[in-house]
Amino acid sequence: MNLNVEILQKSIKAIKPETEDFAISFYENLFTDYPQFQPLFARTNMNQQRKHLVRALILIVENIRDAETVKDAVKPLGSRHVNYGVLHEHYPLFCATLLKTFEQYMKDEWTPELQATWSQAFEEISRLMLEGTVNPT
């Protein structure tokens with residue numbers, strides 16, 4: 001992964017004080033923009049789900065220089081998401097919503113470089129998650 005790690009880590013630190021609000025906004029954006037996702041969460045404790053989302057993002061970004069740690073964390077996520085009904089075509093929509101939510105929180109700090117870096121990071125995370133659907137660890 002050839003990412004600008006510093007700007008990823010700086011931006012994740014910027015949302016850390018607002019992680020709960022960030023996660024709430026993310027799921028509001030997701031369900032507004034893609035209502036077809038709502039049934040996937042029908043039996044989900046959304047308080048726990050929001051915590052899982054933020055913890056996963058923070059874990060990945062804080063360990064991004066350690067490819068094995070990231071891979072070991074992300075591949076099993078992909079395997080589990082198959083059981084929740086997540087399809088390959090859902091990943092780009094989910095990533096688009098993450099980008100939208102980051103933009104809302106970063107405001108003026110959201111630059112084309114930051115968007116491109118997060119987009120690349122989400123593509124790599126998606127690739128690893130999808131790898132976990134084929135080759136579970």
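In the block above lies the structure referred to throughout.
Conventions we followed
All residue numbers refer to positions counted from 1 along the written sequence of the respective chain. Only residues with pLDDT of at least 70 are given local features in this predicted model, and only at 80 or more are side-chain atom pairs given and counted; all residues enter the totals for whole chains, interfaces and linings. Side-chain measures were taken over the full set of non-hydrogen atoms in the model, leaving aside hydrogen atoms and water. In this analysis, rings of Phe, Tyr and Trp, with Trp reduced to its six-membered ring, are considered paired at centre separations within 6.5 Å, and the interplanar angle assigns stacked below 30 degrees, edge-to-face beyond 60, and tilted for intermediate values. Here's how the labels work: a residue is buried when its accessible area is under 20% of the maximum for its type, exposed when over 50%, partly exposed in between, all with a 1.4 Å probe on protein chains only. Under the DSSP-based scheme used, a helix requires at least four consecutive residues in state H or I and a strand at least two consecutive residues in state E, with every element numbered from the N terminus. Helix axes are fitted only over the stretch in contact, all axes being lines through C-alpha atoms; the angle between N-to-C directions runs from 0 to 180 degrees. Should the near helix be turned anticlockwise from the far one by less than a right angle, the crossing is termed left-handed; should it be turned clockwise, right-handed. Contacts between residues were defined by any pair of non-hydrogen atoms, one from each residue, lying within 4.5 Å. Three residue categories are used. Nonpolar comprises Ala, Val, Leu, Ile, Met, Phe, Trp, Tyr, Cys and Pro, charged comprises Asp, Glu, Lys and Arg, and polar comprises the others, including Gly. Here the expected span of a helix is defined as 1.5 Å times the quantity of residues minus one. Each reported salt bridge corresponds to a side-chain nitrogen of Lys or Arg within 4 Å of a carboxyl oxygen of Asp or Glu.

**Student:** Mind showing me how you'd approach the packing of aromatic side chains here?
**Tutor:** Aromatic rings in a pair are described by how distant their centres are and how their planes are angled relative to each other. All chains considered together, the criterion is met by twelve aromatic pairs. For the ring pair Phe102 and Trp110, a centre distance of 6.3 Å and an interplane angle of 15° mean the geometry is stacked. Trp110 matches Phe102 in its accessibility class, with the two residues each being buried. Both rings, one in Phe102 and one in Trp118, keep their centres 4.3 Å apart while their planes meet at 25°; by these two values the pair is stacked. Taken together, the residues Phe102 in helix α5 (residues 90–106) and Trp118 in helix α6 (residues 112–134) connect sequence positions 16 residues apart. Under the relative-accessibility criterion, Phe102 is labelled buried at 0%. Note on Trp118: relative accessible area 0%, which makes it buried. Ring pairs connect the aromatic residues Phe22, Phe102, Tyr105, Trp110, Trp118 and Phe122, which therefore count as one cluster.

**Student:** Help me understand the packing of helix α1 (residues 5–15) against helix α3 (residues 46–62) in this model?
**Tutor:** Across the interface, α1 lies against α3 with an axial gap of 9 Å and an inter-helix angle of 150°. As α1 packs across α3, the resulting crossing turns out to be left-handed. Two secondary-structure elements touch here, α1 through Leu8, Gln9 and Ile12 and α3 through Leu57, Ile58, Val61 and Glu62. Residue composition of the contact of α1 with α3, grouped by class: five nonpolar, one polar and one charged.

**Student:** Even after reading the chapter, I still don't get α6, so can you show me in this structure?
**Tutor:** Counting along an α-helix, one turn takes 3.6 residues, and residues three or four places apart therefore face a common direction. For α6, built from 23 residues, the straight-helix expectation of 33 Å at 1.5 Å per residue is met to within 8% by its first-to-last C-alpha distance of 33 Å. For α6, the set of buried residues is Leu114, Thr117, Trp118, Ala121, Phe122, Glu124, Ile125, Ser126, Leu128, Met129 and Gly132. The secondary structure elements touched by the buried residues of α6 are α1, α3, α4 (67–83) and α5.

**Student:** How should the pattern of salt bridges be read in this particular structure?
**Tutor:** If charged atoms from side chains of opposite charge come close, those side chains can pair. Scanning the entire structure with this criterion turns up six salt bridges. The closest approach of N and O atoms between Lys16 and Glu62, which form a salt bridge, is 2.5 Å. Linking Lys16 in the loop between α1 and α2 (19–33) with Glu62 in helix α3, this pair joins segments that are 46 residues apart in sequence. Given a relative accessible area of 33%, Lys16 falls into the partly exposed group. In this structure Glu62 comes out as partly exposed when scored by relative accessible area, which is 44%. Residues Lys100 and Asp33 are paired through a salt bridge, measuring 2.8 Å at the closest nitrogen-oxygen approach. Of the two residues, Lys100 sits in helix α5 while Asp33 sits in helix α2, which places them 67 residues apart along the sequence. For Lys100, a relative accessible area of 31% corresponds to the partly exposed category. Connected via shared salt-bridge partners are Lys75, Glu124, Arg127 and Glu131.

The values are spatial; any link to function lies outside them.
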